[in-house]
Amino acid sequence: MRSNHVSEDKPEKIADLLPKIRACRACEAFLPLGARPVIQASGRARLVVAGQAPGTRVHASGIPFDDPSGDRLRDWMGVGPETFYDPCMINIIPMGFCYPGRAPQGGDLPPRKECQHLWHGRLFDALPQQSLIIVVGAYAHKYHLGQSVKRSVTETVMSWREYLPRYLPIPHPSPRNTLWLRRNPWFEKNVVPYLRLKVAQILGEHPATLKHLGE
Ligand code: SF4
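All of the points below concern the structure found in this document. Each chain carries its own residue numbering, running from 1 in the direction its sequence is written. Local features are withheld for residues below a pLDDT of 70 in this predicted model, meaning they are given only at 70 or higher, and side-chain atom pairs are given and counted only at 80 or more; totals for whole chains, interfaces and linings count all residues.

**Brief notes about the overall build of the protein**
Each helix is a run of DSSP H or I of at least 4 residues and each strand a run of E of at least 2, with the numbering of both proceeding from the N terminus. Helix and strand content of the protein: 11 helices and four strands. Only C-alpha atoms enter the radius of gyration, while the globule expectation follows 2.2 Å times N to the 0.38, with N the number of residues. Against the compact-globule benchmark of 17 Å for 215 residues, the protein has a radius of gyration of 17 Å, which places it among compact chains. With the principal axes as the frame, the protein shows a C-alpha extent of 45 × 40 × 35 Å. Residues classed as buried in the protein amount to 33% of the 215 residues present. Contact between two residues is assigned when their C-beta atoms, built from the backbone, lie within 7 Å. Expressed as a percentage of contacts within the protein between residues at least 6 apart in sequence, the contacts between residues at least 24 apart total 71%. In this scheme every C-beta is placed from the backbone, and a residue whose C-beta has 20 or more other C-beta atoms within 10 Å is buried, one with 12 or fewer is exposed, and one in between is partly exposed.

This is the structure in structure tokens:
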């Protein structure tokens with residue numbers, strides 16, 4: 001699993017890093033719709049949604065998971081848009097920050113590797129210790145779970161208990177995976193209830209939520 005890289009230098013501050021990421025144009029020549037990095041992060045949230053890359057709809061709106069995948073993901077997590085889009089509650093950090101383009105065989109191309117090389121190490125170094133990283137789909141599984149990733153998404157997700165308490169691997173919530181969900185009912189029966197409980201626990205522990213509840 002991805003070790004917490006500790007650099008000799010002082011980690012950058014999230015507030016300094018985010019404008020640099022949003023201004024990134026490093027691989028724009030390869031992006032059919034141009035660069036538009038989509039990310040949500042703050043130094044306060046303790047929960048990460050580690051996704052894949054924006055699709056065309058998210059590229060257009062600039063809002064992460066602003067699509068049917070996001071509706072399903074929020075349902076799995078048991079949170080509404082208000083909580084999901086509160087950067088003090090949830091960090092949303094895909095493997096690629098910009099829409100990578102369409103694959104000839106259908107679906108989107110893999111997230112651009114440049115993002116990972118340029119930004120991910122620095123970004124995760126800058127975040128405070130996260131209570132849970134929800135690892136969404138094959139590309140994020142590979143990066144965050146490293147050598148402990150299994151041969152397929154199904155096997156990795158089936159082994160979800162192995163990665164706790166820091167990581168919880170899940171499939172991508174894309175409508176393209178509806179058949180996978182039908183074939184693997186154990187996921188919504190066993191993993192989703194755990195995910196909801198864990199998310200509720202983490203957000204419930206969050207000072208902003210406690211304040212909201214008048215504590
Ligand atoms: S995909 Fe990543 S590396 Fe490429 S321009 Fe966007 S933010 Fe920069």
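**Notes on the site of the ligand**
The rule is simple: place the C-beta atom from the backbone, and if it lies within 6 Å of a molecule or strand, the residue is near it. Around the ligand sit 14 residues in total, of which Cys 24, Cys 27, Cys 98, Glu 114 and Cys 115 are the nearest. Each residue is assigned to one class: nonpolar for Ala, Val, Leu, Ile, Met, Phe, Trp, Tyr, Cys and Pro, charged for Asp, Glu, Lys and Arg, and polar for all the others, Gly among them. Among the residues forming the shell around the ligand, the class breakdown is nine nonpolar, one polar and four charged.

**Notes on helix 10 (residues 185–205)**
Helix span, expected: 1.5 Å multiplied by one less than the number of residues in the helix. With 21 residues, helix 10 should reach 30 Å at 1.5 Å per residue; the first-to-last C-alpha distance of 30 Å fits that figure. The angle separating two fitted axes, one through the seven residues that finish at a residue and one through the seven that start at it, defines the bend at that residue. Most pronounced at Val 191, the bend in helix 10 amounts to some 35°, and the proline Pro 193 follows within four residues. Within helix 10, burial applies to Phe 187, Val 191, Leu 195, Val 199 and Leu 203.

**Topic: unusual backbone geometry**
Cis peptide bonds are those with omega within 30 degrees of zero, and the linkage from Leu 164 to Pro 165 qualifies with 5°. One non-glycine residue, Phe 65, lies in the positive phi region at around 55°. Residue classification places Phe 65 among the buried positions, given that 26 C-beta atoms sit within 10 Å.

**Considerations on the sheet that holds strand 3 (residues 132–136)**
Taken in spatial order, the four strands line up as 2-1-3-4 in an open sheet, and their pairing is parallel. Strands with a single pairing partner mark the edges of an open sheet, and in this sheet they are strand 2 (90–92) and strand 4 (167–170). Ignoring which end each strand starts from, the neighbouring axes of this sheet average 20° apart. Here, strands pair whenever DSSP counts at least two bridges between them. Sheet topology places strand 3 next to strand 4; four bridges connect them, and they run parallel. Looking across to strand 4, one finds that Val 135 is bridged to Pro 169. Each axis is a line fitted through C-alpha atoms, taken for helices only over the stretch in contact, and angles between the N-to-C directions span 0 to 180 degrees. Helix 6 (residues 137–145) contacts strand 1 (47–50), strand 3 and strand 4 of the sheet and is inclined by roughly 135° relative to strand 3. Against the sheet, helix 10 contacts strand 1, strand 3 and strand 4, and its axis sits at roughly 140° relative to strand 4.

**A look at the environment of Phe 97**
Tracing the backbone through its elements, the reader meets Phe 97 in the loop between strand 2 and helix 5 (113–126). Linking Phe 97 and Ile 39, residues 58 residues apart in sequence, is a C-alpha distance of 6.5 Å.

**Examining the nonpolar core**
Formed by 46 residues in total, the largest nonpolar core has its most connected members in Ala 50, Ile 134, Val 135 and Ile 170. For this core, the element with the most residues is helix 10, which contributes five residues. Dropping the residues within four chain positions of it, Ala 50 is found in contact with Ile 93, Ile 133, Ile 134, Val 135, Val 136, Ala 140 and His 144. By our criterion, buried Ala, Val, Leu, Ile, Met, Phe, Trp, Tyr and Cys residues that link up through C-beta atoms within 7 Å make up a nonpolar core.

**Observations concerning the packing of helix 1 (residues 14–22) against helix 5**
As a packed pair, helix 1 and helix 5 sit with axes 10 Å apart at the nearest point and diverge in direction by 155°. With respect to their mutual orientation, helix 1 and helix 5 come out roughly antiparallel. Crossing geometry of helix 1 relative to helix 5 is assigned as left-handed. Of the residues in helix 5, those in contact with Ile 14, Leu 17 and Ile 21 of helix 1 are Trp 119, Arg 122, Leu 123 and Ala 126. Its residues assigned to classes, the contact of helix 1 with helix 5 shows six nonpolar, no polar and one charged. By the definition adopted for this analysis, an angle is roughly parallel if under 35 degrees, roughly antiparallel if over 145, roughly perpendicular if from 65 to 115, and oblique otherwise. Should the near helix be turned anticlockwise from the far one by less than a right angle, the crossing is left-handed, and should it be turned clockwise, the crossing is right-handed.

**Remarks on the pairing of strand 3**
In summary, the side chains of a regular strand alternate between the two faces of the sheet. Where burial is concerned, most of strand 3 is hidden: four out of the five residues are buried. Pairing geometry for strand 1 and strand 3, over four bridges, is parallel. Counterpart to Val 48 in the pairing with strand 3 is Ile 133.

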